[in-house]
Every structure is written in structure tokens, then in C-alpha cells.
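# Coordinate analysis (summary)
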Amino acid sequence: PASDLTAALAGDLETVRAFAFACTSRDRGPRAVLEAAGAVAVLTALSWRLGPVLAAVIASAGAGAALYRVQARGPEAALAAAAGRMRGVAAQAFAGIATVRACAAEGAEAARFDAASSSAAAAGRVAGRAKANLEAFTRAGIHASLLLLFALGGALVNKGLAAPGLILSAVGFVYSLVYAVSGLVATGIDGRRAASAFGRVRALLAASAAET
């Protein structure tokens, strides 16, 4: 149906396009990979004893991404489907506006759109909670990693195993590592969302080809 095609063009293909451009932005995609690798290399060169801090950063980011994947898999699919239905209802009504007016069906079409938008809003709230949990977990991991760095760095300085200046330098690179890893997590999440959107577009094209 034309409404399904309109929904795909307005939503799913836009999701794919947004991901392609997001991967070239400042803190996503290839740059995040290079920043993370560079930060790990520099921190390792500064002191191999900072290994627990590196492990904590990477582990917290990975755990947050895994938690989000579990929580958001169903809600994201439900949100995409509900948003598609909402756009489809609107497109169908506007495409047949003459028929709608001739049958005095404006109220019925408005009710259909209200129902579809309410469903999309409910799905969006569930997906939003999953994203909020990811942000909270990520921020907690950032601060926990910094606390670990200060505790470990202080212990190393007290034992004469590291200079104070080295620990101060490490703080900056840990910040770089944290935000680079966060960018990698965001890239992975957006990439999975874009892959799902692309899969829906392909399914729509396959169904269209089968009908013809």
C-alpha cells in the first residue's frame, strides 16, 4: 500500500541516512575507534599498572550496551511499527482526502490517527526508559572509573611506583577513553537500529516484488 511506502520513506530510510551521517560525526564511528585505541595505547605506555582502570572503562561500557540491547530490543521494534502505522494512517487519509470529505469521515480518521499516535507514544516511553537506563549506567561507569583511577593512582604515588604528574596525565586520557567508548556504544546501538530499519525496507520491497 502507498501508506506503507510513505512510512518507509519518511521513517526507515531516514533512520539509515541519519546513521550514515552520525558515523562521520565528531564522537562516533571511525573516530571513536581511533580515539579509544590511542587512549589505550598512551595509558599503557604511561604505566601498565593502570590496566584495571582500562578494564573497568571497557567493561562498564560493554555491560551498559548489553543491558540496553536486552531492554530495548522489543520496545524499539514496537516503536518503529507504531510510528509506521501512525504515518501510514495519516498518508492514507491525505491521499484519499476527497473520499474522506465526501463520506464525512473526518472524525473517524482523526480517531484512527489519535489511536495510532497514542500507541506510538506509549512505545516511545518504554524505549525512552531503556535509553535513560543506558545513560545512567554509562555515567555511573564513567565516575566509577575515575574514582578507581584516583584510588589506584594515589596508591601508586604513595608507594613510589608512579609520579604525580603521570597520574594527572592519565586523567585526561581516561576521559578521552571513556567518551570514545561511549561513542562506540552509541554507534553500535544506532547501527542496530539502522539495520532493523533497512530490514523493514527490504521486506517491503520483497512483498511488493512478490505482488507484481
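Going by the structure above, here's the rest.
How each quantity is defined
- Starting from 1, residues in each chain are numbered consecutively following that chain's sequence as written.
- Side-chain atom pairs in this predicted model are given and counted only at pLDDT of 80 or more, local residue features only at pLDDT of at least 70, and totals for whole chains, interfaces and linings cover all residues.
- The side-chain values count all of the structure's non-hydrogen atoms but skip hydrogen atoms and water molecules.
- Here a cavity is any set of points on a 1 Å grid over the protein atoms alone where a 1.4 Å probe fits but cannot get out, and a pocket is any open set with protein on both sides within 12 Å along at least 5 of 7 lines; a residue lines the site when it has an atom within 4 Å of a point.
- Grid points are joined across faces, edges and corners, and a volume is the space filled by probe spheres set on the points.
- The helix count covers DSSP runs of H or I at least four residues long, the strand count covers runs of E at least two residues long, and both are numbered beginning at the N terminus.
- Here the nonpolar group is Ala, Val, Leu, Ile, Met, Phe, Trp, Tyr, Cys and Pro; Asp, Glu, Lys and Arg are the charged ones; every other residue, Gly included, is treated as polar.
- To obtain each axis, a line is fitted to C-alpha atoms, and for helices this fit is confined to the stretch in contact; angles are then taken between N-to-C directions over 0 to 180 degrees.
- Any angle that is under 35 degrees is reported as roughly parallel, and any over 145 degrees as roughly antiparallel; angles of 65 to 115 degrees are reported as roughly perpendicular and all others as oblique.
- By convention, the crossing between two helices is left-handed when the near helix turns anticlockwise from the far helix through less than a right angle, and right-handed when the turn is clockwise.
- In what follows, residue pairs with any heavy atoms lying within 4.5 Å of each other are defined as contacts.
- In this description, a nonpolar core means a group of buried Ala, Val, Leu, Ile, Met, Phe, Trp, Tyr and Cys residues linked to one another through side-chain atoms lying within 4.5 Å.
- Burial classes follow relative accessibility: with a 1.4 Å probe on protein chains only, a residue under 20% of its type's maximum area counts as buried, one over 50% as exposed, and anything between as partly exposed.
- Any carboxyl oxygen of Asp or Glu within 4 Å of a side-chain nitrogen of Lys or Arg constitutes a salt bridge here.

### Some thoughts on the layout of surface pockets
Put simply, the largest pocket is a space of about 410 Å³. Along the wall of the largest pocket there are 19 residues; nearest its centre are D27, E135, S182, G183 and A186. Contributions of two or more residues to the lining of the largest pocket are made by α5 (106-158) and α6 (164-211). Here the lining of the largest pocket is composed, by residue class, of 7 nonpolar, 4 polar and 8 charged. What the second largest pocket holds in volume is close to 330 Å³.

### Concerning empty space enclosed by the protein
Within this structure, the stated rule accounts for 1 cavity of 30 Å³ or more. Estimated volume of the largest cavity: approximately 60 Å³. Counting only elements with at least two residues in the lining of the largest cavity, the list comes to α3 (51-95), α5 and α6.

### Examining the packing of α3 against α6
If you want to describe how two helices pack, look at the angle between their axes and the distance between the axes. Close contact between α3 and α6 brings their axes to 10 Å; oriented N to C, the two are set at 25 degrees. It follows that α3 is roughly parallel to α6 by the angle criterion. For α3 against α6, the interelement crossing comes out right-handed. Contacts between α3 and α6 involve V53, L54, V57, A61, A65, Y68, R69, R73, E76 and A80 on the former and, on the latter, V174, L177, V178, V181, V185, I189, R192, R193 and R200.

### Description of the nonpolar core
The biggest cluster of nonpolar side chains holds 28 residues, and the ones touching the most others in it are L43, L50, Y68, L149, V174 and L177. Those elements that provide at least two residues to this core are α2 (29-46), α3, α5 and α6. The element contributing the most residues to this core is α6, with 11 residues. Sequence-distant contacts of L43, that is, excluding residues within four places in its chain, are made with L50, L54, A170, F173, V174 and L177.

### A few points about the environment of G154
The topology assignment puts G154 in helix α5. Here the alpha-carbon distance between G154 and I167, two residues 13 residues apart in the chain, equals 8.2 Å.

### Notes on the pattern of salt bridges
With the rule as written, the count across this model stands at 2 salt bridges. Note that R31 and E35 form a salt bridge whose closest N and O atoms lie 2.9 Å from each other. In this pair, R31 and E35 both sit in helix α2, 4 residues apart, roughly one turn of the helix. The exposure class of E35 is partly exposed, given its relative accessible area of 29%. Of the charged contacts, one joins E109 and R112 as a salt bridge, the two residues approaching to 2.9 Å between their closest N and O atoms. One end of the pair is E109 and the other is R112, both in helix α5 and 3 residues apart, which spans about a single turn. On the accessibility criterion, E109 (18% relative accessible area) is buried. Judged by its relative accessible area of 35%, R112 is partly exposed.

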